[in-house]
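# Working through the structure, step by step
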There are 2 protein chains.
Amino acid sequence: MDEGATAHERVYRRLRRKILHGELAPGQAVTLRGVAAELGVSMTPVREAVRRLAAEGALAISASGRVSAPVLTPQRVEELAAIRALLEPELAARALPRAHFSLIERLKRMDAEIDDMLENGDAAGYVRANIEFHRTLYLRAHAPAMLAVAETVWLQMGPSMRALYGRIGMGRVMDYHRKAIAALAAGDEAGLRLAIRADVRQGLTLLSSEGLDAA
Amino acid sequence: MDEGATAHERVYRRLRRKILHGELAPGQAVTLRGVAAELGVSMTPVREAVRRLAAEGALAISASGRVSAPVLTPQRVEELAAIRALLEPELAARALPRAHFSLIERLKRMDAEIDDMLENGDAAGYVRANIEFHRTLYLRAHAPAMLAVAETVWLQMGPSMRALYGRIGMGRVMDYHRKAIAALAAGDEAGLRLAIRADVRQGLTLLSSEGLDAA
DNA sequence: TTTCCTATTTTGTGATCACAAACGCATCCC
DNA sequence: GGGATGCGTTTGTGATCACAAAATAGGAAA
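Naming follows an unreviewed UniProt entry, where chain A appears as DNA-binding transcriptional regulator, GntR family of Oceanicella actignis.

The structure is reproduced here in structure tokens:
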């Protein structure tokens, strides 16, 4: 599946996916030798991959060098929400003129998949499908730098989001994706911006209000 | 001066400063062994530092692994400008309630220093002082994640900005910092947002309109 | 003179090793 | 019983080495 040329690239992608999908619990420790043994490589490429992920905020490195999935403070969550609320409506707006029928249909299918995940209570699948929905839309914006920043933010939220939905369930999740898709089909930029902003804010206000008092 | 505990941290900071201040020309190559020899360390910590800087967009790594300062396309410049225009007014607005007299005085002194750089035609000093002005203001926002994103963007622009000012001079640079400081002192959030947005847009429209056709 | 091919050098990659600091745990003392 | 202390183990750091691929320089042929 992941047949990257270099070993550190493979390690990077593997770890990144685990973090993004929330397969690491917040605060969970990761050892260089452990990852190296698990993936059958030496420590060298693992260190590079970990260093890279730490630079993206996807992993935290303590003063003594220990690596772990980051634990988000409420302030941090608020900040990440603010960044998403600033960037993602812009990304959606830039994708709008390029959003043709096939893309809209694809987004509808992805949203249906998200609904399935919600009904089945599949928290990990929900997080993954939700990110995929946003990424698919934003890819059309042809704004790689902006998308990279957004992905960095998602990466930082990964462990906490997954832990949150696993703990409190997903009953209260409202579907703003339909509104976004409708605005997309209608060419309504203002409506699209509002829908995306609401969608982004929802997940993170949930996280900051209930997610962190149990820590 | 830079007495970081670990070697890769020292290498990282050293390279970062060089890039941020534009001491590397866009496209200029950097070799691992070269940096290692220059700083008196082995290749291992250099690779980690380079990998980290590449993750931040401060260095580009070719398909064959060669490392160089990034060359920005006009589209890239436009994107970076858009990110700055979204994030920095927000950072300034968040700093506003915490901006007391001493901070405003400090910013005035820093702006005067920037004017000196402009008069002396010191492009490198101008870039450095300008970044320092913005960072000083935004630090008061107590928004480390947002500031980190902004610094990432500055890092990506470093080489190109320096090259631009060195080439076309800085005669046409307008001082929006005064307006920002005035708005800050008056507690005028809307005015502050506008001033910062204008300041950010100026540097980058200049870069995208004249900077890249000579490449 | 230009172009193409080859040999040499440069350069990044990944594994291994030695080392020191931090951690975990059992023990001991108060 | 609780906290400090000691030691063995785990873990990250940095240097060195072997290797392969890429870049460069040099020479031969047209």
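## Remarks on the overall build of chain A
When you go through chain A residue by residue, the secondary structure sums to 9 helices and 3 strands. Tracing chain A from N to C terminus, the helices and strands come up as α-β-α-α-β-β-α-α-α-α-α-α. Whereas a compact globule of 215 residues would reach a radius of gyration of roughly 17 Å, chain A reaches 18 Å, a difference of no more than 12%. Taken over the C-alpha atoms alone, chain A extends approximately 55 × 40 × 30 Å along its principal axes. Taken across its 215 residues, chain A has 52% of its residues classed as buried. The long-range share in chain A, meaning contacts at least 24 apart out of those at least 6 apart in sequence, stands at 75%. Entry remark: accessible area of chain A is about 9700 Å², with carbon and sulfur atoms responsible for 52%. Computing the positive centroid from 29 side-chain charges and the negative centroid from 26, chain A places the two 5 Å apart.

## Observations concerning the protein's contact with DNA strand D
Taken together, 18 residues lie near DNA strand D, and Arg33 and Arg47 of chain A together with Ala7, Ser42 and Thr44 of chain B sit nearest. The sugar and phosphate moieties of DNA strand D supply 61% of its atoms located within 4 Å of the protein. Between DNA strand D and the protein, one listed contact pairs a phosphate oxygen with a backbone N or O atom of alanine 7 of chain B at 2.2 Å. In the model, a base nitrogen of DNA strand D is placed 2.8 Å from a nitrogen or oxygen of the threonine 44 of chain B side chain. Mapped by element, the contributors of at least two residues to the surface near DNA strand D are helix 2 (32-39) and helix 3 (43-55) of chain A together with helix 1 (7-20) and helix 3 (43-55) of chain B. No other element matches the 3 residues that helix 3 of chain A contributes to the surface near DNA strand D. The class makeup of the residues in the surface near DNA strand D is 6 nonpolar, 7 polar and 5 charged.

## What to know about the protein's contact with DNA strand C
Surrounding DNA strand C, one finds 18 residues, the nearest of these being Ala7, Ser42 and Thr44 of chain A together with Arg33 and Arg47 of chain B. Here the atoms of DNA strand C within 4 Å of the protein split so that 61% fall in sugar or phosphate, with bases taking the remainder. Here serine 42 of chain A contributes a side-chain N or O atom positioned 2.5 Å from a phosphate oxygen of DNA strand C. Taking arginine 51 of chain B, its side chain carries an N or O atom lying 3.1 Å from a phosphate oxygen of DNA strand C. No other element matches the 3 residues that helix 3 of chain B contributes to the surface near DNA strand C. Its residues assigned to classes, the surface near DNA strand C comprises 6 nonpolar, 7 polar and 5 charged.

## Observations concerning the domain arrangement of chain A
All names here are of chain A. Partitioning chain A into structural domains gives domain 1 (7-68) and domain 2 (74-211). Each partner contributes residues to the interface: domain 1 has 12 residues there, and domain 2 has 15 residues. Taking both sides of the interface into account, the surface hidden between domain 1 and domain 2 amounts to around 1100 Å²; carbon and sulfur atoms contribute 68%. Between the two partners, domain 1 and domain 2, sit 0 salt bridges. For the side of domain 1 that touches domain 2, a count of residues per class yields 7 nonpolar, 3 polar and 2 charged.

## Focus on the packing of helix 5 (residues 101-120) of chain B against helix 8 (residues 177-186) of chain B
Residue and element names in this part refer to chain B. At a minimum axis distance of 10 Å, the contact between helix 5 and helix 8 shows a crossing angle of 175°. Here helix 5 lies roughly antiparallel to helix 8, going by the angle between them. In contact with Ile104, Leu107, Lys108, Asp111, Ile114 and Asp115 of helix 5, helix 8 contributes His177, Arg178, Ile181, Leu184 and Ala185. Classifying every residue of the contact of helix 5 with helix 8 gives 6 nonpolar, 1 polar and 4 charged.

## Some remarks on the environment of arginine 17 of chain A
As for its position among the elements, arginine 17 of chain A is in helix 1 (residues 7-20). For arginine 17 of chain A and leucine 155 of chain A, which are 138 residues apart along the polypeptide, the C-alpha to C-alpha distance reads 8.9 Å.

## Some words on the relation of the copies chain B and chain A
With an RMSD of 0.0 Å, the operation that places chain B on chain A is a rotation of 180° combined with a shift of 0.0 Å along the axis. Such a combination of rotation and displacement between the chain copies is what one expects of a two-fold axis. By residue overlap, the copies meet face to face through one surface: 100% of the interface positions of chain B are interface positions in chain A.

## Looking at helix 3 of chain A
Residue and element names in this part refer to chain A. For helix 3, spanning 13 residues, the distance from its first C-alpha to its last is 18 Å, which sits close to the expected 18 Å at 1.5 Å a residue. Those residues of helix 3 that fall on the buried side of the exposure criterion are Pro45, Val46, Glu48, Ala49, Val50, Arg51, Arg52 and Leu53. Once helix 3 finishes, glycine 57 follows within two positions and takes phi at roughly 80°, a positive value.

## Some thoughts on the packing of aromatic side chains
Within the structure shown, the criterion is met by 2 aromatic pairs over all chains. A cation sits over an aromatic face here: arginine 52 of chain A above tyrosine 12 of chain A, 3.6 Å from the ring centre.

## Some points on the interface of chain B and chain A
Counting residues at the interface gives 24 residues for chain B, matched by 24 residues for chain A. Both faces combined, the contact of chain B with chain A buries some 2200 Å², and carbon together with sulfur accounts for 64% of it. For the chain B face of the interface with chain A, the top three residues by lost area are Arg51, Glu79 and Leu86 of chain B, together amounting to 27%. Counting every contact that joins chain B to chain A gives 6 salt bridges. A salt bridge links arginine 94 of chain A to glutamate 78 of chain B, with the shortest nitrogen-to-oxygen separation between them at 3.0 Å. On the surface where chain B and chain A come into contact, there are 12 residue pairs in polar contact (both at pLDDT 80 or more). The class makeup of the residues in the side of chain B that touches chain A is 11 nonpolar, 3 polar and 10 charged.

## A short note on the nonpolar core
As a rule of thumb, soluble globular proteins bury nonpolar side chains together. In terms of nonpolar packing, the biggest core is built from 141 residues, with Tyr165 of chain A together with Tyr165 of chain B touching the most fellow members. With residues up to four places along the chain from it excluded, the contact list for tyrosine 165 of chain B reads Ala123, Tyr126, Val127, Met170, Val173, Gly203 and Leu206 of chain B.

## Some words on the pattern of salt bridges
Tallied over the entire structure, the rule returns 32 salt bridges over all chains. Arginine 14 of chain A is the salt-bridge partner of glutamate 38 of chain A, the closest N and O atoms lying 3.9 Å from each other. One end of the pair, glutamate 38 of chain A, is in helix 2; the other, arginine 14 of chain A, is in helix 1, and 24 residues separate them in sequence. Judged by relative accessible area, arginine 14 of chain A falls into the partly exposed class, the value being 32%. Connected through shared salt-bridge partners, Glu78 of chain A together with Glu90, Arg94, Glu189 and Arg193 of chain B make up one network.

Cut-offs used in this document
- Residues numbered from 1 in each chain as written.
- Chains lettered and ligands numbered in written order.
- Predicted model: local features only at pLDDT ≥ 70, side-chain atom pairs only at ≥ 80, totals over all residues.
- Heavy atoms only, no water.
- Helix = DSSP H or I, 4+ residues; strand = E, 2+ residues; numbered from the N terminus.
- Rg over C-alpha atoms; globule rule 2.2 N^0.38 Å.
- Buried < 20%, exposed > 50% of the residue type's maximum accessible area, 1.4 Å probe, protein only.
- Contact = heavy atoms within 4.5 Å.
- Areas by Shrake-Rupley, 256 points an atom, 1.4 Å probe, with all protein chains shown as cover.
- Lys, Arg positive; Asp, Glu negative; His and termini not counted.
- Charge placed at Lys NZ, Arg CZ, Asp CG, Glu CD.
- Near = heavy atom within 4 Å.
- Polar contact = N/O pair within 3.5 Å; in protein donor to acceptor, adjacent residues only side chain to side chain.
- Nonpolar A, V, L, I, M, F, W, Y, C, P; charged D, E, K, R; others polar.
- Domains from an automatic or database assignment.
- Buried area = accessible area lost by both parts, 1.4 Å probe.
- Salt bridge = Lys/Arg side-chain N within 4 Å of Asp/Glu carboxyl O.
- Axes fitted to C-alpha atoms, helices over the stretch in contact; angles between N-to-C directions.
- Parallel < 35°, antiparallel > 145°, perpendicular 65-115°, else oblique.
- Least-squares fit on C-alpha atoms with pLDDT ≥ 70 in both.
- Expected span 1.5 Å × (residues − 1).
- Phe/Tyr/Trp six-rings, centres within 6.5 Å; stacked < 30°, edge-to-face > 60°.
- Lys NZ or Arg CZ within 6 Å of the ring centre and 35° of its normal.
- Core = buried A, V, L, I, M, F, W, Y, C linked by side-chain atoms within 4.5 Å.

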